[in-house]
Amino acid sequence: MTTIERDDAEEVSGPTLVAELERHGISGTDTKKLIEGGFHTVEAIAFSPRKQLLAVKGISEQKAEKIFEAACKLVKMGFSTANEYEKVREKVFKVTTGSPELDKLLQGGIESSSLTEIFGEFRTGKTQLCHTLCVTAMLEKTAGGGQGKAMYIDTEGTFRPQRIKQIAERFEIDPDFALDNITYARAYSSDHQLALLVQAAALMSEEHYALIVIDSATALYRTDYSGRGELSARQMSLAKYLRMLLRLADEFNVAVVMSNQVVAQVDGGAMFAADPKKPIGGNIMAHASTTRLYLRKGRGENRICKIYDSPCLPEAEAMFSITEGGIKDATD
């Protein structure tokens, strides 16, 4: 066995493939055009604005309206009681970080169906945490995993298969099995980074993924857009990218982890701030992220994680350590 099988429960609660529209009056030719245009599930259609359907080659305004109506009939998008929504939330799982103390801070680990942003300066453990999560995502759900494959989009060239092997051995997972179940891509520009998400949707419609890692989400945007003159264009492009990530998280119930860089504040308020560093991306990044984790250096190999922003987690801190086997509890 070289791949992780999608369990029966995941099959039942997972997204609906575009082919299902053929049973609701949409031709096979049109569903093929939708797939070629990057729409692989009915949820993707229902969650997207109509103008994105019109951008698909061969889809007229009349066809787009018909397709959108059919999709909305298959996907529940109206009001429900909070009690009903709580039952929907029962499918959400959490992926362990490898550190019980860090998991305790996060009330179980990294949550699926949401975006988790990890930011901090260099050598604070962002990439090491991402590598560890790629392995723990493969664990059984009863062991704190997601029982699925992991996807790694690398924008800085920091992914190392050797680290995956070392971490896999710690969790008693065959190293080759671990590498077989991580789908890797290197992004070379912000446009390429966005295009990879279209490919990601295609892959996730075929196999069960538990985790998507983007390391880092903003590095290419910092270099592709420079100066205040391009700031508006950068933020619009970044917002589109984050919106697509959130759609994938909702659509496929995957945990999305984004690492982010920091910049030093140089305005007048910096001298009064306890920590003058702030994450890249501004309010666009802040509003898109469900949970924001701030990492900073401790003594030796120890690092400190702080809940910077979350809708359900209180502001608190936990210490962890970077070891050969990945992220563990802090050492003395």
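To keep things clear, this report deals only with the structure shown in the data block. Because the structure is predicted, anything quoted here is derived from the model rather than measured.

The terminal C-alpha atoms of helix H5 (residues 61–74) lie 20 Å apart, and with 14 residues this matches the ideal 20 Å at 1.5 Å per residue to within 8%. Its buried side turned inward, H5 meets helix H2 (28–36), helix H3 (42–46) and helix H4 (50–54).

Moving on: empty space enclosed by the protein. Taken as a whole and assessed by the stated rule, the structure comprises 3 cavities of 30 Å³ or more. Considering only enclosed or pocket space, the largest cavity measures out at about 100 Å³ in volume. At the level of elements, strand S2 (110–111) and strand S3 (114–119) are the ones that each hand at least two residues to the lining of the largest cavity. Looking at the lining of the largest cavity, its residues break down into 4 nonpolar, 4 polar and 2 charged.

With that out of the way, let us pick up the packing of helix H11 (residues 190–204) against helix H13 (residues 231–252). Contact geometry for H11 and H13: axes closest at 10 Å, N-to-C directions at 10 degrees. In terms of their interaxial angle, H11 and H13 are classed as roughly parallel. For the pair H11 and H13, the contacting residues are Gln193, Leu194, Leu197, Val198, Ala201 and Met204 in the first and Lys240, Tyr241, Met244, Leu245, Leu248 and Phe252 in the second. Taken together, the residues that form the contact of H11 with H13 break down as 10 nonpolar, 1 polar and 1 charged.

We now examine the pattern of salt bridges. Taken as a whole and assessed by the stated rule, the structure comprises 9 salt bridges. Arginine 89 serves as the salt-bridge partner of glutamate 111, at 3.0 Å between the closest nitrogen and oxygen. Separated by 22 residues along the polypeptide, glutamate 111 in strand S2 and arginine 89 in the loop between helix H6 (82–88) and strand S1 (94–95) bring together distant segments of the chain. Judged by its relative accessible area of 16%, glutamate 111 is buried. Overall, arginine 89 belongs to the partly exposed group, its relative accessible area being 31%. Among the ionic pairs, glutamate 207 bridges to lysine 149, the shortest N-O distance being 3.3 Å. With glutamate 207 in the loop between H11 and strand S6 (209–215) and lysine 149 in strand S4 (residues 149–154), the pair connects residues that are 58 residues apart, well separated along the chain.

All right, on to the packing of helix H8 (residues 126–136) against helix H9 (residues 161–170) then. Two numbers describe how H8 lies on H9: the axes approach to 9 Å, and their chain directions differ by 55 degrees. Judged by the inter-axis angle, H8 sits oblique to H9. The handedness of the crossing between H8 and H9 comes out as right-handed. Along the contact surface, H8 presents Gln128, His131, Thr132, Cys134 and Val135, while H9 presents Arg163, Ile164, Ile167 and Ala168. Of the residues belonging to the contact of H8 with H9, the class tally is 5 nonpolar, 3 polar and 1 charged.

Parameters at a glance
Residues numbered from 1 in each chain as written. Predicted model: local features only at pLDDT ≥ 70, side-chain atom pairs only at ≥ 80, totals over all residues. Heavy atoms only, no water. Helix = DSSP H or I, 4+ residues; strand = E, 2+ residues; numbered from the N terminus. Expected span 1.5 Å × (residues − 1). Contact = heavy atoms within 4.5 Å. 1 Å grid on protein atoms, 1.4 Å probe; cavity = no way out; pocket = protein on both sides within 12 Å on 5 of 7 lines; lining within 4 Å. Points joined across faces, edges and corners; volume = space filled by probe spheres on them. Nonpolar A, V, L, I, M, F, W, Y, C, P; charged D, E, K, R; others polar. Axes fitted to C-alpha atoms, helices over the stretch in contact; angles between N-to-C directions. Parallel < 35°, antiparallel > 145°, perpendicular 65-115°, else oblique. Salt bridge = Lys/Arg side-chain N within 4 Å of Asp/Glu carboxyl O. Buried < 20%, exposed > 50% of the residue type's maximum accessible area, 1.4 Å probe, protein only. Left-handed = near helix turned anticlockwise from the far one by under 90°.

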